[in-house]
Amino acid sequence: MLQKREKVLLLRTFQGRTLRIVREHYLRPSVPCNSPLCPQPAVCRNDGKLLSSDVTHYMIPDWKVVQDYLEILEFPELKGIIFMQTACQAVQHQRGRRQYNKLRNLLKDARHDCVLFANEFQQSCYLPRERGESMEKWQSRSIYNAATWYYHHCQDRMPIVMVTEDEEAIQQYGSETEGVFVISFKNYLDNFWPDLKATHELCESILQSRRERENESQESHGKEYPEHLPLEVLEAGIKSGRYIQGTLNVNKHRAQIEAFVRLQGASSKDSGLVSDILIHGMKARNRSIHGDVVVVELLPKNEWKGRTTALGENDGESPSEPMPTGRVVGILQKNWRDYVVTFPSKEEVQSQGKNARKILVTPWDYRIPKIRISTQQAEALQDFRVVVRIDSWESTSMYPSGHFVRVLGRIGDLEGEIATILVENSISVVPFSEAQMCEMPVNTTENPWKVSSEEERERKDLRKTHLVFSIDPRGCEDVDDTLSVRALDNGNLELGVHIADVTHFVTSHSYIDIEARTRATTYYLADRRYDMLPSILSADVCSLLGGVDRYAVSIMWELDKTSYEIKKVWYGRTIIRSAYKLFYEAAQELLDGNVDIVDDIPEFRDMDEKSRQAKLEELLWAIGKLTDIARHIRAKRDRCGALGLEGVEVCIQLDEKKNIHDLIPKQPLEVHETVAECMILANHWVAKKIYESFPRQALLRRHPPPHQEFFSELRECAKAKGFFIDTRSNKALADSLDNANDPNDPIVNWLLRSMATQAMSNALYFSTGSCAEEEFHHYGLALDKYTHFTSPIRRYSDIIVHRLLMAAISKDKKMEIKENLFSNKDLEELCRYINNRNRAAQHSQKQSTELFQCMYFKDKDPETEERCIADGVIYSIRTNGVLVFIPRFGIKGAAYLKNKDGLVISCSPDGHSEWKPGSLQRFQNKITSTTTGGESVTFHLFDHVTVRISVQASRCHSDTIRLEIISNKPYMMPDTELFQQSSLLLKSDLVKEVTRSMEEAQLAQEVKVNVIEKDYQKYCQTKGRSLYTLLEEIRDLALLDVSNSYGI
Ligand SMILES: [Zn+2]
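Computed from a predicted model, the values in this text were never measured in an experiment.

Caption draft 1: Examining the overall build of the protein chain more closely. Within the protein chain one finds 33 helices and 41 strands. Within the protein chain, the fraction of its 1048 residues that count as buried is 56%.

Here is the structure:
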């Protein structure tokens, strides 16, 4: 019944050139109509999402409406929308992948009442294009034809409104078919949605921007930029090696001047280039925006320039050696997103003068150029953070043009600033929908969740045989992982890792599955988090809480009783009942033999003395054994060169009014490492198993070895202290980092490790079919294969891995399990997406921490406040200043040695600094400031200095911390020593000290839990968590998923 046609696609490239593509095209008698009014749902095969039945009409947007107004069509209030295939394809061809993906997501999203109708595959809807007919006319005609077919298909029972921007189409079709109306988009909104104010504003804003663009292109007063080359020329040029393709990266600190093109794919090999290409100045950037995939032409060598090495915007500093320099000749892929901007103040608007309706707004992200917005609301918007989108950037215009989308919140207001961070990282978290919640299990007092008898038969029951327990941050609700260890009858040991069986509840392609996939991860900001799964799963039926039956996915290893050598491994679904839900500090106390802590463990409270003693002994044995095993496994990895790296983790304490009370670096415990080691072991063994079963479609995680050149700074710094860092292998690096230890200053080792971390590449998820096996290696953990399996509650990667493992052990019995797996190609695309979302999670966490740091110091007088003076360590030398790390707060920042007036720093014999005329001289590991009077002071790497911390406020961007060296001597405060020890080296005393103050803060939080609860509801988070546990969780996350702050 299929008919074959040839379809000629004429694609217009963005330069206006036309490409002719001939495709075979098959027509079918029926395609899904996805309407509840369908007379023959079985024939139409309507097995996907259906339109809702409570609408007054269906709306069919024309191709141009979909292109221009998609963001309005995204409003969930607009219901009953049918997207024609013709319109979707037009979007794909004209607007690129990002816009097309948005459309695809909209169609998939259960919250939006819209469907796709594949009109071009339906034999009565398909119209061949007539000779001489323009693409646009044919598209409108096809959509109209499909609209009338659809109307009749639903037996004329539902009026259809086709919305178009084409006046002729309105004239021609407006009254052709009864029941099918054809009107303009504005008309549609006015008549059908008069009260949906936001859509009217947005529509007006888009129309305005379009009108202005049209006017301008008529006036067209000379070109600001060269035209981009046609796509064919770019592609041929890349092939021949004349041009180079890569992603544009703008230098945040010199956004107007410096950008680099990071080489991509084959480009780097063909061109023989190893370094990035410098793009100097806005002209050479030729309208490309940070993140775009561009095509670059190299300039002749005599025009090459060097990169800047000075701090900040100071001019007149000597740049580095000239490096390959080029100019952008075309853009292959625009990566425009939503941008947060600030409107100019009233005075600035007036100075912008004649074109007062076109306002130049400043993006929050320094790397994005100013954007011209057409609006009459500029004055009303000047105190707010505002979202805009870019529409176009013509060669005649100095700046891109865009339109206003929505207001986020007031500048400087916590909620407005957090919303800014979310938008800037493309994180959108809305409450879980009703459709998604309907898929959730029930667990209430009237209707408690129970283990089903069917699952009881299918699963290995560990409830009576295994002592299972969890170790997590205090108050943790989402317990992903539990542990067990026991002696077997044959004398061997059995180690078990039991992970929440999330995929039992989240079935492939369900609404909740799609939502979790879109979120990809739980986002942890400094003061809040956004969950990947609803709390009924994450904090309840999936969470491996103490004393309740839960489904788990377990790995159990049989170990030799003395050598701990792995003899056997078992994977499978289980039922467990965790006996103890321990918190880290309690587990550590037990490990240290301080049994008094049992009073703080609720499970022990109601026991009589005898059973209490027995149970305690059993638990002590298990924790001790576990730690011993973990040490052993760790030692084995260490021999292969596993890296222990440092990052700075800061805790923020809020007082009752949510003002920041203190910033405290966090402390690790050995028991963290024990748990982490067991998780690493489980991840490693699952990686081996799923790769063995699905060699071309397993999701693994690799950590590429770092580029050697990135290590040069680390080596130089270490040399300054007389240490040699060997970076030839991870083993050599780990060993030499261990040896680079200054007994008088633990910070040195800690800084060196943190530098090593910065030189590392990021660990990445990938599909095994897309990567050669020798590249699977995880450099940081020193493992040949690794994956993420142990946190399915908060990482989507782990959900995929659980499904892979289940398929691997199902022994071909259940084919449908395998059918649900992703193909290599789809998995690779999904991995790229998850990697991208993880970076967004990292950035938003870092940016929110910096926001809190600034709030902590803002409005404090740096001259008088104690907190604003601190000890800092110099960790990098630049031409006009130094980079300083402040251990007490975990802050890193720049301190200038030359100020804006050109004066240089000078220090009196007692250390106090002053600004005087003079000059700076930079050496390898030190910088000397000499005044015209002949006094000089030298700052070396790792010198301790006293810095004053202040906040540089910014209206358009985030505030930043400013550091000023006020003495070249260390700052002596009573607890300096305490903070100097705050590296991994020494634990016990200061851990207790810091923990105690944190716990006090927690108590203060608990009193105020009601107030916070409202906020939690507003941000759809799990309620009732104290700030302390959230922060602990960040650290926990960092330890288990070392990638989070350590780049592994
Ligand atoms: Zn139908």
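Picking up where we left off.
Caption draft 2: Main features of unusual backbone geometry. In this structure, S426 is a non-glycine residue whose phi angle is positive, near 50°. Looking at the element boundaries, S426 is found in the loop between α13 (414-424) and α14 (434-438).

Caption draft 3: Representation of the coordination of the zinc ion within the structure. Looking at the metal site, the zinc ion is ligated by C33 (SG), C38 (SG), C44 (SG) and H153 (NE2), spaced 2.0 to 2.3 Å from it. Around the zinc ion sit four donor atoms; with metal-centred angles ranging over 103 to 119°, the donor geometry is tetrahedral. Expressed as a motif, the donor residue spacing for the zinc ion is C-x4-C-x5-C-x108-H. Taken together, the residues span a long stretch of sequence, with C33 in the loop between β2 (18-27) and α1 (41-44) and H153 in helix α4 (residues 135-153) at a distance of 120 residues. Accessibility expressed as a relative area gives 0% for C33, which makes it buried. Among the residues examined, H153 registers a relative accessible area of 13% and is labelled buried.

Caption draft 4: Local environment of the pattern of salt bridges. Applying the stated criterion to the full structure yields 49 salt bridges. Its salt-bridge partner being D109, residue R111 comes within 2.7 Å of it at the nearest N-O pair. Residue classification places R111 among the partly exposed positions, given a relative accessible area of 27%. Relative accessible area serves as the criterion here: at 15%, D109 is assigned to the buried category. Here R337 and D365 are joined by a salt bridge, their closest N and O atoms 3.3 Å apart. Residue R337 is located in the loop between β14 (325-333) and β15 (339-342), and its partner D365 is located in the loop between β16 (358-363) and β17 (371-374); the two are separated by 28 residues in the primary sequence. The exposure classification of R337 matches that of D365, with both residues buried. Among the ionic contacts, a cluster of salt bridges with common partners joins E456, D461, R463, D549 and R577.

Caption draft 5: How the structure looks around the packing of helix α17 (residues 511-519) against helix α28 (residues 824-857). Their axes nearest at 9 Å, the elements α17 and α28 cross at an angle of 60°. By the angle class used here, α17 and α28 are oblique. Contact residues: α17 offers R517, T518 and R519, while α28 offers L830, Y833 and R837. Partitioning the contact of α17 with α28 into residue classes produces two nonpolar, one polar and three charged.

Caption draft 6: Seen up close, the environment of S374. Considering the arrangement of structural elements, one finds S374 in strand β17. A residue is classified by how much of its surface remains accessible, and S374, at 7% relative accessible area, is buried. S374 sits 27 residues away from S401 along the chain, and the two C-alpha atoms are 8.2 Å apart.

Caption draft 7: Region of interest: helix α19 (residues 584-591). Of all eight residues that make up α19, six are buried, and the element is covered over most of its length. Every buried residue of α19 is listed here: Y584, E585, A586, A587, Q588 and L590. Looking at the residues trailing α19, positive phi occurs at G593, about 85°.

Caption draft 8: Structural context of the packing of aromatic side chains. Inspection of every chain in the model, using the stated rule, returns 13 aromatic pairs. Look at Y580 and F604: their rings are 5.1 Å apart centre to centre, the planes differ by 15°, and that puts the pair in the stacked class. Residue Y580 is found in strand β28 (residues 580-583), and its partner F604 is found in helix α20 (residues 602-605); the two are separated by 24 residues along the sequence. A relative accessible area of 0% means that F604 is categorised as buried. An angle of 50° between the planes, with centres 5.1 Å apart, marks the rings of F766 and F776 as tilted. Remark: F776 occurs in the loop between β32 (764-767) and α26 (796-809) and F766 occurs in strand β32; sequence separation between them is ten residues. The pair F766 / F776 is uniform in exposure class, with both members buried. Cluster of aromatic residues (ring-pair linked, three or more members): Y58, F117, W149 and Y150. The positively charged end of R474 is found above the aromatic ring belonging to F583, 3.9 Å away from the centroid. Above the face of the Y875 ring, K892 is positioned so that its terminal group lies 5.3 Å from the ring centre.

Caption draft 9: Region of interest: the sheet that holds strand β20 (residues 460-461). The sheet built from seven strands is open, its strands ordered β20-β27-β26-β23-β22-β21-β28 with mixed pairing. The sheet is open, and its two borders are formed by β20 and β28, each paired with just one other strand. Here strand β21 (residues 468-472) pairs with β28 via four bridges, running parallel. Of the residues in β28, the one forming a bridge with F469 is Y580. On the sheet, α19 packs against β21 and β28 and is oriented at approximately 90° with respect to β28. Sheet contacts for helix α21 (residues 609-639): β21, β22 (481-487), β23 (493-500), β26 (549-559) and β28; angle to β22, the most-contacted strand, approximately 100°.

So, how was this worked out
- Residues numbered from 1 in each chain as written.
- Predicted model: local features only at pLDDT ≥ 70, side-chain atom pairs only at ≥ 80, totals over all residues.
- Heavy atoms only, no water.
- Helix = DSSP H or I, 4+ residues; strand = E, 2+ residues; numbered from the N terminus.
- Buried < 20%, exposed > 50% of the residue type's maximum accessible area, 1.4 Å probe, protein only.
- Donors = N, O, S within 2.8 Å, 3.2 Å for Na, K, Ca; no water.
- Tetrahedral: all angles 85-135°; square planar, octahedral: opposite > 155°, others 65-115°.
- Salt bridge = Lys/Arg side-chain N within 4 Å of Asp/Glu carboxyl O.
- Axes fitted to C-alpha atoms, helices over the stretch in contact; angles between N-to-C directions.
- Parallel < 35°, antiparallel > 145°, perpendicular 65-115°, else oblique.
- Contact = heavy atoms within 4.5 Å.
- Nonpolar A, V, L, I, M, F, W, Y, C, P; charged D, E, K, R; others polar.
- Phe/Tyr/Trp six-rings, centres within 6.5 Å; stacked < 30°, edge-to-face > 60°.
- Lys NZ or Arg CZ within 6 Å of the ring centre and 35° of its normal.
- Pairing = 2+ DSSP bridges.

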